[in-house]
2 protein chains.
Amino acid sequence: MGKSVVKVAILGLGTVGSGVAKLLLENNQNINQKIDNEVKLVKVLDKDLTREREVDIPAEMMTDNPEDILSNPEIDVVVETIGGVGPAKELVTEALEVKKNVVTANKEMVAKYGSELLELSDENGVDFYFEASVGGGIPIIRSLKESLTANRIQEVMGIVNGTTNYILTKMIQEGAKFEDVLAEAQQKGYAEPDPTADIEGYDAAYKLSILSAIAFGSPVDVDDIHLEGISDIKQEDITYAKELGYVIKLLAIGKEADGEIEVRVHPTMIPNEHPLAAVNNVFNAVFVKGHAVGELMYYGRGAGSMPTGSAIVADVMDIARNINYRANNRISCSCYEDKDIKPMFDITAKYYIRLEVIDEPGVLASVSSIFGKNNVSIESVIQKGKIDKTVPLVLVTHQVTEGDIQTALKEIKELDEVKELSSLIRVED
Amino acid sequence: MGKSVVKVAILGLGTVGSGVAKLLLENNQNINQKIDNEVKLVKVLDKDLTREREVDIPAEMMTDNPEDILSNPEIDVVVETIGGVGPAKELVTEALEVKKNVVTANKEMVAKYGSELLELSDENGVDFYFEASVGGGIPIIRSLKESLTANRIQEVMGIVNGTTNYILTKMIQEGAKFEDVLAEAQQKGYAEPDPTADIEGYDAAYKLSILSAIAFGSPVDVDDIHLEGISDIKQEDITYAKELGYVIKLLAIGKEADGEIEVRVHPTMIPNEHPLAAVNNVFNAVFVKGHAVGELMYYGRGAGSMPTGSAIVADVMDIARNINYRANNRISCSCYEDKDIKPMFDITAKYYIRLEVIDEPGVLASVSSIFGKNNVSIESVIQKGKIDKTVPLVLVTHQVTEGDIQTALKEIKELDEVKELSSLIRVED
């Protein structure tokens, strides 16, 4: 008796879609050894049927009409790799409505419409999986949903954007300027021609929204995420970080305590010994703290055709197993509570602050006194010798609230001796 | 309408059993929010009903008679945390035979009888899960079985024993001797009074057997694993490793190529930049290479009551989901092929070799010539100045086969100028 066949279609044949097709076609035998039924790629949608492709797909499998897929009752699983919200969300919605299981790598769509799409999949008794939407090949979503599910997750902290991690790594290791490394990254294809989504942290924010929703069991609106990119990071700060035993990473940070969720994406100083500190170049990693499991970290390739394809095909295979047992929807929606988002001024962190001050006695005293008045206590100070009329004054605080530090800084900036607040970078131990 | 209840019993209330009981009792509400049915601890077996415990269990829940659990048709899931093969295997076998799902953390039992028990669970339509048997709280088993299943796994490389990693970390960071650190670890409870199973690598070998079986889809007999412990590691080698840019870790290494599996546990030098190099103290980590996903690493707590409990309760919850959908056994047995084990003399690696030689001209030439004759090419040599009549000669080879290196060393040891082969440590890049 032959195995029953689970038919798969791919919407969109870009980098990620090609990886999925390649895996399903070239690793077919190995894949089907591992499941009781069989997955089979039957249809691929691409808007341009004539272009050169990395993967050899039989002509009769190609189509430029989505209805060839959505109206075909034989297709069980639709893989969406178009990206963006544009037509993708419409096609995914339609697929779920006609009771097709959906797998996607689309972080923007999942971040913005994840709850809605999960509900729709629930109503239609099909699966909506999105492992590849965060961390590429790193299996963080399934881990949070299944392997760590006995935990109350307290913290997720991720390097989830390869472009910015590549740029920061080069800035740290080679002493290069942000602008120069960005230009090099664009040349190598590690950064987009318009790099805004990566550099300014939007990409990381989408991923944090997804991670936090699952980790903390509550929807997290992307607009509620405090967002700072890396374009203002200066070599001076990297050098001071080294002196203080830190490295600077763009972190996506989610925490939960007392039913309140804190979500922020910003450059962060972390100690050299922190497991995330050694995550370099385009690699991604997600650090998780659970009340039972303690500290965990997942490390791997956060993007690319085959790593992302690996995550998507694993989702397809999981769905095939569910189909075999009529167990689709066995992982219920994660969005079971509606927790509050902590206002940014209430969060606590340590702060690295670099001021440009006039080099005269008493400046440190004035600055310290304003900090003291605002409940900000100082852990360390670096004051370098005279360079010019002004000198940098670098301080690292103990744990304080964002509100207190901002109030203090407002006052400090008004001091005559203080010429500039050059940098403020949060520190996580 | 109430949720249907999945009844759970624990066999054995040691460190791990207590963690499971604690999680099931104290985190019950949070756990049951995440599944459609409900898991409930109903019975706990302990041989001593009177001793003090870390967790408060109602007296009526306790029993010292396993039949109270195995003969109770209401119990759906049995958690085995007795450890060892002794009575554990008998009880697990009986549980599976009466169609109870089983979750275990028992690496020895799974390594020795995993295939047999998986088959038995298959025959009886129940699940046999063992996430906690490797890496404690690190979800490596489910990842290999589900998240990375689209890959042909090429390599698993793990720091899977906390005791030896603690000892090596102290030796590296504090320059302490093996014997002294071991004594300290025993005092702190990080090492057993009889430390053989950890120190000599048996514990790591059990875990490698399980990891490799799942990663490569073929049973791996523990007796086929090449085994070397850490008791011969000397400070001299740690110092030379530093000079060469390496750290020494006890690694459990599994590789597959051309249908042949290579499995070995031994002290290994890895480059400082390798993700495993930063895994210190009692932390564990598993590094995986898949043909699609590339390099991945999982890092976390490899032991302890709550981390191990976290993995076990996640397995219980997964089984609860399966029960809800009558989908037990949806992850089929991993043992679907019978691959050959590569003989140790056929493996290739780089080798660090420390010889004690008489300090006279021509020694390096004699040694090099024997290496050359045996296809062993040298990557680097360190020859230190005179200390005594004899001096250490340190060599690192390029990739060579174990057979060639052993043949060469046999000849080299016979040279008059060579007083001793002090160390041989394999190097992985």
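Residues numbered from 1 in each chain as written. Chains lettered and ligands numbered in written order. Predicted model: local features only at pLDDT ≥ 70, side-chain atom pairs only at ≥ 80, totals over all residues. Heavy atoms only, no water.

Per an unreviewed UniProt entry, chain A is named Homoserine dehydrogenase, and its organism is Acetohalobium arabaticum. The UniProt entry for chain A carries the following comment under Catalytic activity (unreviewed entry): "L-homoserine + NADP(+) = L-aspartate 4-semialdehyde + NADPH + H(+)". The record held by UniProt for chain A lists under Sequence similarities (unreviewed entry) the comment "Belongs to the homoserine dehydrogenase family." (UniProt positions renumbered as here; feature names shortened; annotations may be inferred.)

**Student:** Report on the pairing of strand E4 (residues 77-80) of chain B, specifying residues and quantitative values.
**Tutor:** Remember that side chains alternate between the two faces of the sheet whenever the strand is regular. Residue and element names in this part refer to chain B. Neither face of E4 is left uncovered, since the one carrying Val 77 and Val 79 and the one carrying Val 78 and Glu 80 both have all their residues buried. Relative to E4, strand E1 (residues 5-11) runs parallel, the two being bridged by four bridges. Directly across from Leu 11, in E4, lies its bridge partner Glu 80. In the sheet, E4 pairs with strand E5 (residues 101-104) via four bridges, with the strands oriented parallel. Note that in E5 the partner of Val 77 across the bridge is Asn 101. Crossover handedness for the path E4 to helix H4 (residues 86-97) to E5: right-handed. (Buried < 20%, exposed > 50% of the residue type's maximum accessible area, 1.4 Å probe, protein only. Helix = DSSP H or I, 4+ residues; strand = E, 2+ residues; numbered from the N terminus. Pairing = 2+ DSSP bridges. Right-handed = clockwise from strand over helix to strand, strands pointing away.)

**Student:** I'd like a description of the interface of chain A and chain B, backed by residues and values.
**Tutor:** Contact with chain A, which involves 51 residues of that partner, is made by 51 residues of chain B. Summed over both partners, the interface of chain A with chain B comes to about 4600 Å²; 51% of that surface belongs to carbon and sulfur atoms. Applying the counting rule to chain A against chain B returns two salt bridges. The salt bridge involving Arg330(A) is made with Asp318(B); its shortest N-O contact spans 2.5 Å. Taken together, the connections running from chain A to chain B amount to 24 residue pairs in polar contact (both at pLDDT 80 or more). At the level of elements, helix H2 (28-33), helix H6 (140-147), strand E12 (294-301) and helix H12 (305-324) of chain A are the ones that each hand at least two residues to the side of chain A that touches chain B. Broken down by element, the residue count for the side of chain A that touches chain B peaks at nine residues, all from H12(A). Class assignment of the residues belonging to the side of chain A that touches chain B gives a composition of 23 nonpolar, 15 polar and 13 charged. (Contact = heavy atoms within 4.5 Å. Buried area = accessible area lost by both parts, 1.4 Å probe. Salt bridge = Lys/Arg side-chain N within 4 Å of Asp/Glu carboxyl O. Polar contact = N/O pair within 3.5 Å; in protein donor to acceptor, adjacent residues only side chain to side chain. Nonpolar A, V, L, I, M, F, W, Y, C, P; charged D, E, K, R; others polar.)

**Student:** Go over the pairing of strand E5 (residues 101-104) of chain A, please, and point to the residues and values.
**Tutor:** Residues and elements named next belong to chain A. Here E5 shows no split at all, with Asn 101 and Val 103 on one side and Val 102 and Thr 104 on the other all buried. As paired elements, E5 and strand E6 (residues 128-129) share two bridges and run parallel to each other. Its bridge partner being in E6, Val 102 is matched across the sheet by Phe 128.

**Student:** An account of the relation of the copies chain A and chain B is needed here, citing residue identities and associated values.
**Tutor:** Two copies of a chain can be linked by a rotation about an axis combined with a shift along that same axis. Rotating chain A by 180 degrees and moving it 0.0 Å along the rotation axis overlays it on chain B with an RMSD of 0.0 Å. Both copies are brought into coincidence by an operation consistent with a two-fold rotation axis. Identified as the residue of chain A closest to the rotation axis by C-alpha distance is Tyr298(A), at 2.4 Å. (Least-squares fit on C-alpha atoms with pLDDT ≥ 70 in both.)

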